[in-house]
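Structural features, examined
So you can see what is in the structure, the chains are spelled out below.
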Amino acid sequence: MEKELYELTYALKDDLNNSSTYQKLLKLEKEVNESEEVKRLSKEMNEASELYNSLVNIEGEAQKEAQRKFSETKARLYNYPLVKEYNETLKEYRELLNKINEEIISPLRINTCQKK
């Protein structure tokens, strides 16, 4: 029984790794990591984030402007078509993993905290 369980678990892992969603995710991840435009947008967002974080405790126009700039740079990065497609594919893959967790793993959990 235990050997069969391991074999089925590894078969599931192999199926997940060979799934079209996971393969697409790997391809997109490589493209995102190699994209000069994504690197530039990411750098802009990180710089805007650092500025905003340095001003977060200071009320006033500079803080509002830093927050606005951070929001804009984040939106540009996340709406960039390659990043958007990557995030959508990642969401799809995570939903699959969550479904497996909910339907297979969660029902098997044993409550280890016992009342005295």
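In this report, the structure presented in the accompanying data block is examined. Per chain, residues are indexed from 1 in the order of the written sequence. Totals for whole chains, interfaces and linings use every residue, but because this is a predicted model, local features are given only for residues with pLDDT of at least 70 and side-chain atom pairs only at 80 or more, for both listing and counting. With hydrogens and water stripped out, all remaining heavy atoms of the structure feed into the side-chain values.

1. Regarding the overall build of the chain
Along its length, the chain carries five helices and zero strands. Elements are defined by DSSP. Helices are runs of H or I of four residues or more, strands are runs of E of two residues or more, and each kind is numbered from the N terminus. Each helix and strand of the chain, ordered N terminal to C terminal, gives the series α-α-α-α-α. Here the chain has a C-alpha radius of gyration of 21 Å; the compact-globule value for 116 residues is 13 Å, and the former is much larger. Viewed in the frame of its principal axes, the chain has a C-alpha envelope of about 65 × 50 × 15 Å. Burial classes: relative accessible area under 20% of the type maximum marks a residue as buried, over 50% as exposed, and values in between as partly exposed (1.4 Å probe, protein chains only). Residue burial in the chain is summarised as follows: out of 116 residues, 22% are buried. Contacts are residue-level and defined by heavy atoms, with any inter-residue pair within 4.5 Å sufficient. The contacts of the chain with a sequence gap of at least 6 include a subset with a gap of at least 24, amounting to 66%. Side-chain charges of the chain comprise 20 positive and 23 negative groups, with the mean position of each set lying 3 Å from the other. A radius of gyration in this sense is built from C-alpha atoms; the matching globule rule multiplies 2.2 Å by the number of residues raised to 0.38. Under the convention used here, Asp and Glu are negative, Lys and Arg are positive, and both His and the chain ends fall outside the count. Just so you know, the charge point we use is NZ for Lys, CZ for Arg, CG for Asp and CD for Glu.

2. Considerations on the nonpolar core
Ranked by size, the top nonpolar core spans 19 residues in total, and within it Leu25, Val32, Val38, Phe70, Leu77, Leu82 and Tyr86 carry the most contacts. Among the secondary structure elements, those contributing two or more residues to this core are α2 (20–34), α3 (36–55), α4 (61–79) and α5 (81–105). Excluding its chain neighbours within four sequence positions, the residues that come into contact with Tyr86 are Leu25, Leu28, Glu29 and Val32. As used in this record, nonpolar core signifies buried Ala, Val, Leu, Ile, Met, Phe, Trp, Tyr and Cys residues forming a set joined through side-chain atoms within 4.5 Å.

3. Describing the layout of surface pockets
Both site types are read off a 1 Å grid over the protein atoms alone. A 1.4 Å probe that fits but cannot get out defines a cavity, while an open set with protein on both sides within 12 Å along at least five of seven lines defines a pocket; lining residues have an atom within 4 Å of a point. Grid points are joined across faces, edges and corners, and a volume is the space filled by probe spheres set on the points. In this structure, the largest pocket occupies an estimated 270 Å³ of space. Lining the largest pocket, in full, are Leu5, Leu8, Thr9, Leu12, Lys13, Leu16, Asn17, Tyr93, Ile100, Ile104, Ile105 and Leu108. Listing elements by their share of the lining of the largest pocket, those giving two or more residues are α1 (2–18) and α5. Here the lining of the largest pocket gets seven residues from one element, more than from any other, and that element is α1.

4. A closer look at the environment of Lys39
By secondary structure assignment, the location of Lys39 is in helix α3. Here Lys39 falls in the partly exposed class, since its relative accessible area comes to 42%. In this structure, the C-alpha to C-alpha distance between Lys39 and Asp15, residues 24 residues apart in sequence, is 32 Å. In this structure, Lys39 is in contact with Asn33 and Glu34, ignoring residues within four places of it in sequence.

5. What to know about the side chain of Ser19
Turning to its location among the elements, Ser19 is positioned in the loop between α1 and α2. Relative accessible area serves as the criterion here: at 16%, Ser19 is assigned to the buried category. Definition of a polar contact: a pair of N or O atoms within 3.5 Å, with one able to donate and the other able to accept a hydrogen when the atoms are protein atoms, and with sequence-neighbouring residues admitted only if both atoms are side-chain atoms. Polar contacts involving the side chain of Ser19 include one to the main-chain carbonyl oxygen of Leu16, which spans 2.8 Å. A distance of 3.2 Å separates a polar atom in the side chain of Ser19 from the backbone nitrogen of Tyr22.

6. A word on the environment of Tyr93
Considering the arrangement of structural elements, one finds Tyr93 in helix α5. For the pair Tyr93 and Lys24, spaced 69 residues apart in sequence, the C-alpha to C-alpha distance is 9.9 Å. With residues up to four places along the chain from it excluded, the contact list for Tyr93 reads Leu16, Ser19, Thr21, Tyr22 and Leu25.

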